[in-house]
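Residues per chain, in single letters:
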Amino acid sequence: MYDAWVRVGRALRLTLLIALALLFLIPFYLLLRNGLASEQDITSPDWTFFPSTLHWSNIKELFEDSTVPMARSLLNSALIAVLTTAGTLLLASLAGYGLARIPYRYANHVFYAILGTMMVPAAVTFVPSFVLVSSLGWVSTLRGLIVPTLFSAFACFIFRQYFLGFPRELEDAARVDGLGYWRTYWLIVVPNSRPVFAAVGTIVFIGAWNSFLWPLVIGQDRDAWTVQVALASFTTSQVIRLHELFIAAAVSIVPLLVVFLFFQRWIVAGVERSGIDD
């Protein structure tokens, strides 16, 4: 009897997981289906699972559309996401390592001050940040889009918690060999902390790629548009080209899927090993 109930429980869990997976995949199906359809297929009251004719030319049409610089927007988003991720990992990991390992009387006070910035709504700092960037002449530049977003209090918190549990024996051995804090961090700590770097890097990359409001305000020239701003432009024009909008959305998520699939095995491990210790 017990084995029967166990099998029933497993079957129910499997059924639930399949149902949730299908629900999760519905938006991706709609993007692909409508992105390869014609305008008539999208707006037709007679719904079909897939159009009888798949219009692969929609992809070519998207990148040849002179009203929306899609290729330039993808390049801008890639540069911003990669540079933001690299800068955030460097700054946050250095700050986290310093707070966790370097003896300093006010280390906890600094750490709590950093955590306090996480409680401040982004809307409060948005206008001062824009005024500062504008006064520096960084509007519609990569510097204006990247520099103000480089430091992340959340990333600093994750790194600090991770480094608190980092084996001290490795660092002690490095100091016996004459390494200081910087060389210990760079030669010992970083190579042995790949899971947390991958986890935080993936989160930061996805956040930078999906960022919309700041790039919308700072990237005022078409050449400074990111992919999210380009997507929004499809819904603000006088003529909405639905097939281009859907195929553009599908193209824009491909880099995120690649990054997530490549680093997924490190994400959970990195977050798990950054548990709260004090």
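Residues numbered from 1 in each chain as written. Predicted model: local features only at pLDDT ≥ 70, side-chain atom pairs only at ≥ 80, totals over all residues. Heavy atoms only, no water.

## Focus on the overall build of the protein
Selection criterion: Strands are runs of DSSP state E lasting at least 2 residues, helices are runs of H or I lasting at least 4, and numbering of each runs from the N terminus. The globule rule is 2.2 Å times the number of residues to the power 0.38, and the radius of gyration it is compared with is taken over C-alpha atoms. Exposure classes here rest on a 1.4 Å probe applied to the protein chains alone. A residue is buried below 20% of its type maximum, exposed above 50%, and partly exposed in between. We call two residues in contact whenever any of their non-hydrogen atoms come within 4.5 Å of each other. Computed with a 1.4 Å probe, the accessible areas rest on the Shrake-Rupley method; for each residue, only the protein chains presented here act as cover. In summary, the charge assignment counts Lys and Arg as positive and Asp and Glu as negative, without counting His or the chain termini. Where a charge lies is defined by one atom per residue type: Lys uses NZ, Arg uses CZ, Asp uses CG and Glu uses CD.
What the protein contains, in helices and strands, is 14 helices and zero strands. Listing the helices and strands of the protein from first to last along the sequence gives α-α-α-α-α-α-α-α-α-α-α-α-α-α. For 278 residues, the compact-globule estimate of 2.2 N^0.38 gives 19 Å, and the protein exceeds it by more than 25% at 24 Å. Burial analysis of the protein (278 residues in total) assigns 38% to the buried set. Once local pairs closer than 6 in sequence are excluded, the contacts in the protein between residues at least 24 apart make up 74%. Working note: accessible area of the protein is about 16400 Å², and carbon and sulfur atoms make up 69% of it. Across the protein, the centroid of the 18 positively charged side chains sits 8 Å from that of the 17 negatively charged ones.

## Section: helix α11 (residues 194-210)
Note the cut-off: Helix span, expected: 1.5 Å multiplied by one less than the number of residues in the helix.
Taking 1.5 Å per residue as the helical rise, α11 with its 17 residues ought to reach 24 Å, and the 24 Å between its terminal C-alpha atoms agrees with that figure. Within α11, 12 of the 17 residues are buried, which leaves the element mostly enclosed by the surrounding structure. Within α11, the full set of buried residues consists of P195, V196, F197, A198, A199, V200, G201, T202, V204, F205, A208 and W209.

## Points about the packing of aromatic side chains
To be explicit about the condition: Planes of paired rings set the category: under 30 degrees apart is stacked, over 60 is edge-to-face and the rest tilted, where pairs are Phe, Tyr or Trp rings (Trp by its six-membered ring) whose centres lie within 6.5 Å. Geometrically, a charge over a ring is one whose NZ (Lys) or CZ (Arg) sits within 6 Å of the ring centre while staying within 35 degrees of the ring normal.
Following the criterion strictly, the structure yields 17 aromatic pairs and no others. Note on F111 and Y112: the rings are 5.7 Å apart at their centroids and 50° apart in plane angle, and the pair reads as tilted. Between W182 and W186, the ring centres sit 5.8 Å apart and the planes meet at 10°, which makes this aromatic pair stacked. Of this pair, W182 and W186 both sit in helix α10 (residues 181-189), four residues apart, which is roughly one turn of the helix. W186 gets classed as partly exposed once you look at its relative accessible area, which sits at 47%. An aromatic cluster of three or more residues is present, and its members are Y97, F159, Y162, F163, W182, Y185, W186 and F197. The ring of F111 carries the charged tip of R160 above its face, separated from the ring centre by 3.9 Å. It is R222 that lies over the ring of W225; its NZ or CZ is 5.7 Å from the centre.

## Re the pattern of salt bridges
The condition that has to hold: By definition, a salt bridge exists where a carboxyl oxygen of Asp or Glu is found within 4 Å of a side-chain nitrogen of Lys or Arg.
Summed over the entire model, instances satisfying the criterion amount to three salt bridges. Note that K60 is salt-bridged to E64, the shortest N-O span being 4.0 Å. Remark: E64 and K60 occur in helix α3 (residues 57-64); sequence separation between them is four residues, near one turn of the helix. Measuring nitrogen to oxygen at the nearest pair gives 3.9 Å for the salt bridge that ties R175 to D172. Taken together, the positions of R175 and D172, both in helix α9 (residues 168-176) and three residues apart, correspond to about one turn of that helix.

## Some remarks on a nonpolar patch on the surface
Convention followed: For patch detection, residues must exceed 30% relative accessible area and be free of salt bridges, and they are connected within 9 Å for like charges or within 5 Å for nonpolar side chains (Val, Leu, Ile, Met, Phe, Trp, Tyr).
On the surface, L32, F49, F50, L54, W56, I59 and F63 cluster together to form a nonpolar patch covering roughly 680 Å² of accessible area. Residue position: W56 is located in the loop between α2 (39-43) and α3. The exposure class assigned to W56 is exposed, which follows from its relative accessible area of 54%.

## Here's the deal with the UniProt feature "transmembrane region" (unreviewed entry) in the protein
Which entries qualify depends on this criterion: UniProt positions are given in the numbering used here, feature names are shortened, and annotations may be inferred rather than shown by experiment.
UniProt annotation of "transmembrane region" (unreviewed entry) refers to residues 12-32, 78-99, 111-133, 145-164, 185-209 and 245-263 when read in the numbering used here. Secondary structure across residues 12-32 comprises 100% helix and 0% strand; the distance between its end C-alpha atoms is 30 Å. Split by type, residues 245-263 is 100% helix and 0% strand. Its first and last C-alpha atoms lie 28 Å apart.

## Describing the confidence of the model for the protein
Low-pLDDT portions of the prediction should not be read for the details of their coordinates. Which entries qualify depends on this criterion: Each residue carries a pLDDT score, the predictor's own confidence in it, on a scale running from 0 to 100.
On average, residues of the protein carry a pLDDT of 88, and 94% of them reach 70 or more. Taking the mean pLDDT of every element in the protein, the minimum, 82, falls on helix α14 (residues 242-272) and the maximum, 95, on helix α4 (residues 70-101).

## A word on the side chain of N58
Worth spelling out the cut-off: Here a polar contact is recorded for every N or O atom pair within 3.5 Å, except that within protein the pair must consist of a potential hydrogen donor and a potential acceptor, and residues adjacent in sequence are included only if both atoms are side-chain atoms.
Tracing the chain through its elements places N58 in helix α3. Looking at N58, its side chain comes within polar contact range of the main-chain oxygen of G35, at 2.8 Å. Residues in contact with N58, not counting those within four places in the same chain, are G35, L36, A37, H243 and I247.

## Here's the deal with the packing of α9 against α10
Stated precisely, the cut-off is as follows: Lines fitted to the C-alpha atoms define the axes, with helices restricted to the stretch that makes contact. Angles between their N-to-C directions range from 0 to 180 degrees. Angular relationships are summarised with four words: roughly parallel below 35 degrees, roughly antiparallel beyond 145, roughly perpendicular across 65 to 115, and oblique for the angles in between. The hand of a helix crossing depends on one turn: near helix anticlockwise from the far one by less than a right angle means left-handed, and clockwise means right-handed. Residue polarity follows a fixed list, in which Ala, Val, Leu, Ile, Met, Phe, Trp, Tyr, Cys and Pro are nonpolar, Asp, Glu, Lys and Arg are charged, and the others, Gly among them, are polar.
One can describe the packing of α9 onto α10 by two numbers: an axis separation of 10 Å at closest approach and a directional angle of 125°. Relative to α10, α9 is oriented oblique. Judged by the twist between their axes, the crossing of α9 over α10 is right-handed. Within the contact between the two elements, α9 uses L170, E171, A174 and R175 and α10 uses Y181, T184, I188 and V189. Grouping the constituent residues of the contact of α9 with α10 by class yields five nonpolar, one polar and two charged.

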